[in-house]
Every structure is written in C-alpha cells, then in structure tokens.
Amino acid sequence: MTDQVTAPESGTPEIPGKPTSASRTTLSHIMSHNDTNLLGTVHGGVIMKLVDDAAGAVAGRHSGGPAVTASMDEMAFLEPVRVGDLVHVKAQVNWTGRTSMEVGVRVLAERWNESAPPTQVGSAYLVFAAVDADGKPRRVPPVIPETERDKRRNQEAHIRRTHRLARRRAIKELREKRAAEGYED
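No experiment lies behind these values; they were computed from the predicted model shown.

Cut-off values and rules
Residues numbered from 1 in each chain as written. Predicted model: local features only at pLDDT ≥ 70, side-chain atom pairs only at ≥ 80, totals over all residues. Heavy atoms only, no water. Pairing = 2+ DSSP bridges. Helix = DSSP H or I, 4+ residues; strand = E, 2+ residues; numbered from the N terminus. Axes fitted to C-alpha atoms, helices over the stretch in contact; angles between N-to-C directions. Contact = heavy atoms within 4.5 Å. Core = buried A, V, L, I, M, F, W, Y, C linked by side-chain atoms within 4.5 Å. Buried < 20%, exposed > 50% of the residue type's maximum accessible area, 1.4 Å probe, protein only.

A. Spotlight on the sheet that holds strand S8 (residues 119-130). Read from one edge to the other, the open sheet built from 5 strands follows the order S4-S6-S7-S8-S5, with strand pairing classed as antiparallel. Each edge of the sheet is formed by a strand with only one pairing partner; in this case those strands are strand S4 (25-30) and strand S5 (67-77). Shown here is a sheet whose adjacent strand axes are inclined to one another by a mean of 25°, direction ignored. Sheet analysis places strand S6 (residues 85-96) next to strand S7 (residues 100-111), joined by 11 bridges and oriented antiparallel. Bridge pairing in S7 links Thr96 to Met101. Packed onto the sheet, helix H1 (residues 44-63) meets S4, S5, S6, S7 and S8 and runs at close to 135° relative to S5. Lying on the sheet, helix H2 (residues 148-180) is in contact with S5, S6, S7 and S8; it crosses S6 at an angle near 75°.

Here you go:
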C-alpha cells in the first residue's frame, strides 16, 4: 500500500503535503570588513547572497532535492547592517505550485557583543523551481500552513503570484504588439 493519492483530474499520483515547519530554517553569520561596501556598511549583495542561500536550503528541503532560484522580488533593505552584526536569515516556504514554490525570508541583525533583541533589517520573496538530475522541472509537495501567520503568508503569496503572472503577461503582450508594429528592441 502507498501513501500517495491519485489526483482525479490528472491521473498522476498526488505528493503528500509537508508542513511549513518541516523545512523552515535560520542561517546566521557575523559580518566582517570583507562584507562592506564603500560606505562602510555591509554590501546589499552580501545580504542578498545570504537570503538566496537560506531560501535555497529551504526550497531543497521542502522539495526533497535540488531547486534553483527562478526569481527574487520585493527585496527590501530596511536598516543598514554593520561590521560586527550577527545576521540571522529566517526562511520558510509560503506557497507551492506544481513545480515551484515561494520562499519568504526575513533578515534580522544584532550586535554580536550586546544583549539587545535583533532588529529586522530586510525581507525578500524568492521563487524556486524544483529540478531533477537533468535540470527538468519536477513536482513539489504542497505546503501545509500550520499557524495563522503561515496561513496569512500563504494567502499573500497567492496574491504575489497573481501579480507576477499578470506582469509577465502584460510585458509579453506589449512586446508582441511592438514587434507587430515593426519596432525592434
């Protein structure tokens, strides 16, 4: 006997869902002088790499294998990060589709030598696509939101997905229209 259920409309086995907590993770890193920009604060690209690393770990855990970054959007830098800050990057799967998933990330920072609570310094949303050994898309398990916060994040992720698809469609239509009018981009 198997724990998979067959989806009625497709005839393919349904993948059992995974709770949000199954893949949630925190990546922590102390910022050094090697991480700074010309202003003496931590370079945004360093923070973005940490965000991508944590989100990638979560996507791989949730999907049970390799997952690649498809997009990063709404990366917000709320406060500067300084040398000596202990940065915590917290990530979780907010939403899943057939082969993709949205990972939400919060970035917190605290002084390494102080006992003050961490401050949120950034946030981002990334979309990952699960891939097989040949780089082809593979199915991912549905995410099962566990808390009211998880449910809210899942609902917001649906809205962001709708906006991403509408933006992509509008740009494609504009490019097709311009090409039909003889414009070369």
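There's more to say after this.
B. Representation of the nonpolar core within the structure. Among the nonpolar cores identified, the biggest contains 26 residues, and Val51, Val87, Val89, Val103, Val105 and Val107 are the most heavily contacted of them. Among the secondary structure elements, those contributing two or more residues to this core are H1, S6, S7 and S8. Looking at which element gives the most residues to this core, the answer is H1, with 7 residues. Not counting residues within four places of it along the chain, the set of residues in contact with Val89 comprises Thr25, Thr26, Leu27, Leu50, Val51, Ala54, Val105, Arg106 and Val107.

The analysis is restricted to geometry; functional conclusions fall outside its scope.
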